[in-house]
Amino acid sequence: MNTKAQKEPLIHLTKRGAMPVYKAMIIRALAVVLALIVCAVITGLTTGIDPIAVYTSIISGAFGTARKTWITLQDVSILLTISLALTLAFRMRFWNIGGEGQVLMGGLGAAACMICIGDRLPAPVLILLMLISSLTLGALWGLIPAVCKAVWNTNETLSTLMMNYIATQIVLFFTILWEVPKGSGKIGIINQDSHAGWLPQIFGSKYLLPIIIATAITVFVYIYIKYTKHGYEIRVVGESPRTSIYVGINVKKVIIRTMIVSGAICGLVGLILVGGINHTLTATISDGRGFTAVLVSWMAQFNPFAMILTSFVIVFMDRGAGEIATQFDLNQSFGDILTGIILFFIIGCEFFINYQIRLRKKGHREA
Amino acid sequence: MLGFLAFIPRAVAQGIPLLFGCTGEIVTEKSGNLNLGLPGVMYVGAISGVIGSFFYENSVGTGDVNTALAILIPLLCSMAGSLVMGLIYSFLVVTLRANQNVTGLAMTTFGVGFGNFFGGSLIKLYKADIPSISLSKTSACFRMQLPFADDLGVIGQLIFSYGFLAYTAIIIAIVVAYVLKKTRVGLNLRAVGENPATADAAGINVSKYKYISTCIGCVIAGLGGLYYVMDYACGIWSNDAFGDRGWLAIALVIFTLWKSDLGIFASILFGGLYILHLYIPTGMEHMELKELYKMIPYVVTMIVLIFTSMRNRREDQPPQSLGLNYFREER
């Protein structure tokens, strides 16, 4: 029938077994180096600025002064905490890209307590109430898509995405409701005089609290996934839902429970952002970190400790970009371009870790 | 009544970028690729067109622009820009089998950054002596109306008062709906999106279909960005002005249940909801209510999403393999 001799294809792909960790790290490092070279070429071509100078200013932007270093670390811990929250969901293959909305709702919960009952309660009670309302609202925003997924199998990527914008509009609504002064469209610093509801400074440093919380949550998530029954169930649901039904795990319950935890941790970030760092509520308080966290978590292969490194890389680039912007009189967004290119390379290099490429051998053409 | 008549053309103008984005995303998603990079693609489509026409207008100086060139250059630049984005996405997702959500979000980071960077610093980089990017001449070409629009009164205003890209969007949406529903190519494409293994067994080149549909989808979506800058915004680029329309377009895909002909009306409806708050008298005391009106498109989409999964009708579902990559040897 088929008279044309079937040629073996030139490239043959097979899935690799587990690759030694050091080898995988070398491939990823190579990808980053390649990405930096490409970034340098693009920088030179489009702006005519010496790329080396750009890179040095990125470093000085992130670590130039003690204050800059602290802010970098604080940003890392915020991004890390959101990534950890999302990781819980990702481990059961639930694509929660609603971190943005969950953080916003958490922030709204905190701000609501500060504004409405801030002056009437003693600080510890107020902060406890803020904590409760942030966690509840964050958890609620994780719960809604989780219930839909568990009961009706609603596509969670799309539903969590929609929840983000619903949250944004709710926050905008309250921003205008609470705006000070009227007509400004901004809430401004909440309780500037009384400092009611401001999270306490630890050891006299306002940067330390998020860092401590992020560390605690890193350890918590690691232990929760690896050593607890809940974590085991999450992993089984993620690897194979059919197996989990077979062994008697209640998949619906696991999905709902995990998303409550995931949303609550995001809500906690909202509390830190509003009560500890910004002392105000805006619709952009999360600043796209709910989305960036997806990348951070995935790049770290959902490993909580590797996430420290990946969130650091992202924040480093972002902070550096601000410095480039001021030093070379460029636009802040240049950092996004560089981050995007680096991400493409890191995403692409996973292929070489997971798959093996075999070229067609010369002698075997007439098989 | 007069207010309502003025409302419709503005709703349409708001809806057209969404329609482009929605149609593009439908083409992409039908192949099983969930491209969350759509907002980035639309930014790149917009800025590529702006860059093209910026250089063209600068080279012409104060003289008159050639209408055909003023339209063709930005159009081709925009299509080329979004095509490159489509190729990046397809290469990473189809060839290298990277995670679709992650790749898409990286594309959005890159694309929005690309748009805002060049939009914000194009003038500085090329030392042009103008205060801001305002491509009024190109925009005039894009906004050209049919000559008899004004003579037809109300009907002319409602139906014939738009630039040519608006009609292009509607034609593309109809063509896409036809191709997906009635042709062999469309059937194959849907097969790839529903179950690539079966499609592969039937002799369909899965990778080729995924590549081509993703790239075509991106080019269509990019035109939405171009329409926004050149027609809606009168050729004036301002950073972040495009806003979250890219995400709204993705919402629209769900809302229309992956049917691009339905997208024509749905996008105008969403466009209307997007600006509804300008027309509802809220009074100065209750400015906050307008934010709740803006929430309606997303809430409606969420409800549609939940309802379709509840009813679980086969023809209303997302493509079955949406978000999953296909590797032939992994079965």
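Residues numbered from 1 in each chain as written. Chains lettered and ligands numbered in written order. Predicted model: local features only at pLDDT ≥ 70, side-chain atom pairs only at ≥ 80, totals over all residues.

Trainee: What is the right way to read the overall build of chain A from this model?
Mentor: Helix and strand counts for chain A come out as 13 helices and 2 strands. Projecting the C-alpha coordinates of chain A onto the three principal axes gives extents of approximately 85 × 60 × 40 Å. In chain A, which comprises 367 residues, the proportion classed as buried is 48%. In chain A, of all internal contacts separated by at least 6 residues, the share reaching a separation of at least 24 is 78%. (Helix = DSSP H or I, 4+ residues; strand = E, 2+ residues; numbered from the N terminus. Buried ≥ 20, exposed ≤ 12 C-beta atoms within 10 Å, placed from the backbone. Contact = placed C-beta atoms within 7 Å.)

Trainee: Before we go on, may I ask you to explain helix 7 (residues 164-182) of chain B in this structure?
Mentor: Residues three or four positions apart in an α-helix share a direction because the helix packs 3.6 residues into each turn. Residue and element names in this part refer to chain B. Taking 1.5 Å per residue, 19 residues should reach 27 Å; helix 7 reaches 27 Å between its end C-alpha atoms and fits that length. Restricting attention to buried positions, one finds in helix 7 the residues Leu165, Ala166, Ala169, Ile172, Ala173, Val176 and Leu180. Viewed end-on, helix 7 has its buried residues packed into an arc of 115°, placing them on one side of the element. Opposite the buried face of helix 7, by more than 90 degrees, sit the exposed residues Ile171 and Lys182. (Expected span 1.5 Å × (residues − 1). Arc of directions from axis to C-beta.)

Trainee: Honestly, unusual backbone geometry in this entry has me stumped. Any pointers?
Mentor: Peptide bonds are trans in most cases, and residues, glycine excluded, mostly fall at negative phi. Residue and element names in this part refer to chain A. Phi is positive for Arg93, which is not a glycine, with a value near 55°. When you line up the elements, Arg93 lands in the loop between helix 3 (66-91) and helix 4 (99-116). Positive phi, normally seen in glycine, also occurs at His279, with a value near 55°. Mapped onto the elements of the fold, His279 is located in the loop between helix 10 (251-278) and helix 11 (289-299).

Trainee: It is not clear to me how the nonpolar core should be interpreted in this structure. Could you clarify?
Mentor: Of all hydrophobic cores here, the largest spans 205 residues; its most connected members are A:Met162 and B:Leu252. For this core, the leading source of residues is helix 10 (residues 206-232) of chain B, giving 15 residues. Not counting chain neighbours up to four residues away, the residues in contact with A:Met162 comprise B:Ala251, B:Tyr298, B:Thr301, B:Met302 and B:Leu305. (Core = buried A, V, L, I, M, F, W, Y, C linked by C-beta atoms within 7 Å.)

Trainee: Help me understand the interface of chain B and chain A in this model?
Mentor: Interface size is commonly expressed as the accessible surface area that is lost when the partners come together. With 46 residues of chain B at the interface, the matching set in chain A holds 42 residues. Those elements giving two or more residues to the side of chain B that touches chain A turn out to be helix 3 (67-95), helix 4 (100-125), helix 11 (245-255) and helix 13 (289-311) of chain B. The biggest single contributor to the side of chain B that touches chain A is helix 4 of chain B, with 16 residues. In terms of residue class, the side of chain B that touches chain A is made up of 27 nonpolar, 11 polar and 8 charged. (Nonpolar A, V, L, I, M, F, W, Y, C, P; charged D, E, K, R; others polar.)

Trainee: Honestly, the pairing of strand 2 (residues 355-359) of chain A in this entry has me stumped. Any pointers?
Mentor: A regular strand places its side chains so that they alternate between the two faces of the sheet. All names here are of chain A. Little of strand 2 sits inside the fold, with 0 of its 5 residues counted as buried. The pairing of strand 1 (residues 11-15) with strand 2 spans 5 bridges and is antiparallel. For Leu13, the partnering residue across the bridge sits in strand 2 and is Ile357. (Pairing = 2+ DSSP bridges.)

Trainee: Can you help me understand the environment of B:Asp231 in this one?
Mentor: All names here are of chain B. Mapped onto the elements of the fold, Asp231 is located in helix 10. Since 21 C-beta atoms lie within 10 Å of it, Asp231 is described here as buried. Between the alpha carbons of Asp231 and Thr138 there is a distance of 9.3 Å; along the sequence they are 93 residues apart. If near-sequence neighbours (up to four positions away) are discounted, Asp231 is found in contact with Phe142, Arg143, Gly163 and Leu165.

Trainee: Help me understand the environment of B:Ala251, please; the structure alone is not making it clear to me.
Mentor: In this structure, B:Ala251 sits in helix 11. Judged by local crowding, B:Ala251 falls into the buried class, with 27 C-beta atoms found within 10 Å. Sequence separation between B:Ala251 and B:Tyr298 is 47 residues, and the spatial gap between their C-alpha atoms is 7.0 Å. Among residues more than four places away in sequence, those in contact with B:Ala251 are A:Met162, B:Pro297, B:Tyr298 and B:Thr301.

Trainee: Help me understand the packing of helix 3 of chain B against helix 10 of chain B in this model?
Mentor: Two quantities define a packed helix pair, namely the angle between the axes and the distance from one axis to the other. Residue and element names in this part refer to chain B. Running from N to C, helix 3 and helix 10 cross one another at 140°; their axes reach a closest spacing of 7 Å. The angle between helix 3 and helix 10 falls in the class oblique. Between helix 3 and helix 10 the crossing geometry is right-handed. In terms of residue class, the contact of helix 3 with helix 10 is made up of 16 nonpolar, 9 polar and 1 charged. (Axes fitted to C-alpha atoms, helices over the stretch in contact; angles between N-to-C directions. Parallel < 35°, antiparallel > 145°, perpendicular 65-115°, else oblique. Left-handed = near helix turned anticlockwise from the far one by under 90°.)

Trainee: Explain helix 6 (residues 156-177) of chain A to me, please; I cannot follow it from the model alone.
Mentor: With 22 residues, helix 6 of chain A should cover 32 Å at 1.5 Å per step; its first-to-last C-alpha distance of 31 Å lies within 8% of that length. Burial runs high along helix 6 of chain A: 19 of the 22 residues are buried.

Trainee: What am I meant to see in the environment of B:Trp247 here?
Mentor: Summarising the element assignment, B:Trp247 is placed in helix 11. Look at B:Trp247 and you get partly exposed, because 19 C-beta atoms sit within 10 Å. For the pair B:Trp247 and B:Leu38, spaced 209 residues apart in the sequence, the C-alpha separation amounts to 7.5 Å. Once residues within four sequence positions are removed from consideration, B:Trp247 is found in contact with A:Leu161, A:Tyr165 and B:Pro39.

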